[in-house]
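# Inside the fold
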Amino acid sequence: MGEIAEKPVYRVPFVERTGMQRLEEGRGHSKLLMPLAPNANHVDVMYLGAFCVLAEAVAAGPGISILDTERYFPIIKDIAVDFHRMAASDVIAEYTLSEDEMARLLSDLESKGSATYVAQVPMHDADGIEVATGKVTVKLLSHGWKKGG
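Being a predicted model, the structure only gives us computed values, none of them experimental.

### Some words on the packing of aromatic side chains
- Enumeration over the complete set of coordinates arrives at two aromatic pairs.
- Both rings, one in Phe51 and one in Phe83, keep their centres 4.9 Å apart while their planes meet at 90°; by these two values the pair is edge-to-face. Here the residue Phe51 occupies a position in helix α2 (residues 48-65), and Phe83 occupies one in strand β3 (residues 72-83), the gap between them amounting to 32 residues.
- What makes Phe51 buried here is its relative accessible area of 2%.
- Taken together, a centroid distance of 6.3 Å and an interplanar angle of 5° make the contact between Tyr95 and Tyr117 stacked. Taken together, the residues Tyr95 in strand β4 (residues 91-96) and Tyr117 in strand β5 (residues 114-124) connect sequence positions 22 residues apart. Each member of the pair, Tyr95 as well as Tyr117, carries the same accessibility label: buried.

In structure tokens form, the structure reads like this:
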């Protein structure tokens, strides 16, 4: 009996070192927690890089969840974080793609070999206060994609 090959799983060891935790994941949905402890800066508030990693991961997860990873892969095209106030606690972010958006992305992947979406990601501290907002452009590409194509 032949072995069944596993689909590619996208992981980034740098992200794993942050201690980020997956609270909820499903088709088109992701909710993540970035712990303060290993990600505090010199004044004991969340480090900028941790906000960027959290925004990137929570924005990419919903797109990855609908991919046939044997055919497609994700990349982050652009990211920006707008701070509203310092976070002296763990930070939670959540992002969901609508059914219509998922259908559009899958259609674009089939017809063009690429698809793009922009995620607006609110990030909240332990008290539920919005401490930052991320804007992340996620590109989904075919393994046959050629740069410039």
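### Looking at helix α3 (residues 99-112)
- In this model α3 runs 20 Å from its N-terminal to its C-terminal C-alpha over 14 residues, within 8% of the 20 Å that 1.5 Å per residue would give.
- Every buried residue of α3 is listed here: Met102, Leu105, Asp108 and Leu109. One side of α3 carries all its buried residues, which in axial view fall inside an arc of 130°. For α3, the exposed residues lying more than 90 degrees away from the buried face are Glu99, Asp100, Glu110 and Ser111.
- In this structure, the buried side of α3 is in contact with β3, β5 and β6 (130-142).

Calculation rules
Residues numbered from 1 in each chain as written. Predicted model: local features only at pLDDT ≥ 70, side-chain atom pairs only at ≥ 80, totals over all residues. Heavy atoms only, no water. Phe/Tyr/Trp six-rings, centres within 6.5 Å; stacked < 30°, edge-to-face > 60°. Helix = DSSP H or I, 4+ residues; strand = E, 2+ residues; numbered from the N terminus. Buried < 20%, exposed > 50% of the residue type's maximum accessible area, 1.4 Å probe, protein only. Expected span 1.5 Å × (residues − 1). Arc of directions from axis to C-beta. Contact = heavy atoms within 4.5 Å.

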